[in-house]
Amino acid sequence: GYGAPEVEAVYTRAYELGQHVGEAPELLPVLWGLWYFTLGRAEFGRAQTLGEHLLLLGQRAQDPFLQLPGHTAMGITRLFLGEVAPAHLHLAGAWVDIDHAQVGRAPRRPGGRNCPGQAPHASWVLSFLCTDATARNASRR
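Since the structure is predicted, the reported quantities are computational estimates derived from the model, not experimental observations.

Right, let's get into helix 1 (residues 5–18). For an α-helix, the turn length of 3.6 residues means that residues three or four places apart are oriented alike. Helix length check: helix 1 (14 residues) gives 20 Å between terminal C-alpha atoms against 20 Å at 1.5 Å per residue, within 8%. In this structure, the buried residues of helix 1 make contact with helix 2 (28–40) and helix 3 (44–61).

Right, here's the structure in full:
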């Protein structure tokens, strides 16, 4: 599984080899794999650092679709850290700059199109935010 030490070894080696080409978007799947590994092992500090790196790569490419993996990783990591508002900013905000007419034609990318984790996590964040707002309103009465 994703938490196996062999997984980390393979992705770490792939990342080391990828450094020879620089900070290219081609590193996104490798960073995604490392992020997923650390998330699965509850290494949230390391997961956040990898998520930031993913996001930075996407931002440098100036492609909103390439920013989705970073926003997804950051949103899910922040959710697992209990940081619901920042999680919401990443999970929902990632779609603001997307040309929705292009979504069906976008290539498959880790954390982007066809990312199985983004929608459920975004719905959890919204339910937590709604529950929190409801509780605050009830306490004011």
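Once that is clear, we can look at the packing of helix 2 against helix 3. For the pair helix 2 and helix 3, interaxial distance at closest approach is 8 Å and the crossing angle is 160°. It follows from the interaxial angle that helix 2 and helix 3 lie roughly antiparallel. Viewed along their axes, helix 2 and helix 3 form a crossing whose handedness is left-handed. Two secondary-structure elements touch here, helix 2 through Leu28, Leu31, Trp32, Leu34, Trp35, Phe37, Thr38 and Leu39 and helix 3 through Phe44, Arg46, Ala47, Leu50, Gly51, His53, Leu54 and Leu57.

Now for the nonpolar core. Residues Tyr15, Leu31, Trp35, Leu54 and Val125 are the most contacted members of the largest nonpolar core, which totals 21 residues. Where this core is concerned, the elements lending two or more residues are helix 2, helix 3, helix 4 (64–80) and helix 5 (84–93). Per-element tally for this core: the top contributor is helix 2, with 7 residues. Residues within four places of Leu31 in sequence aside, it is in contact with Tyr15, Leu50, His53, Leu54 and Leu57.

We now examine the environment of Ala73. Mapped onto the secondary structure, Ala73 falls in helix 4. Judged by relative accessible area, Ala73 falls into the buried class, the value being 0%. Residues Ala73 and Thr49, spaced 24 residues apart in sequence, show a C-alpha to C-alpha distance of 9.8 Å. With residues near it in sequence (within four places) discarded, Ala73 still touches Trp32, Trp35, Gly51 and Leu54.

About the criteria used
- Residues numbered from 1 in each chain as written.
- Predicted model: local features only at pLDDT ≥ 70, side-chain atom pairs only at ≥ 80, totals over all residues.
- Heavy atoms only, no water.
- Helix = DSSP H or I, 4+ residues; strand = E, 2+ residues; numbered from the N terminus.
- Expected span 1.5 Å × (residues − 1).
- Contact = heavy atoms within 4.5 Å.
- Axes fitted to C-alpha atoms, helices over the stretch in contact; angles between N-to-C directions.
- Parallel < 35°, antiparallel > 145°, perpendicular 65-115°, else oblique.
- Left-handed = near helix turned anticlockwise from the far one by under 90°.
- Core = buried A, V, L, I, M, F, W, Y, C linked by side-chain atoms within 4.5 Å.
- Buried < 20%, exposed > 50% of the residue type's maximum accessible area, 1.4 Å probe, protein only.

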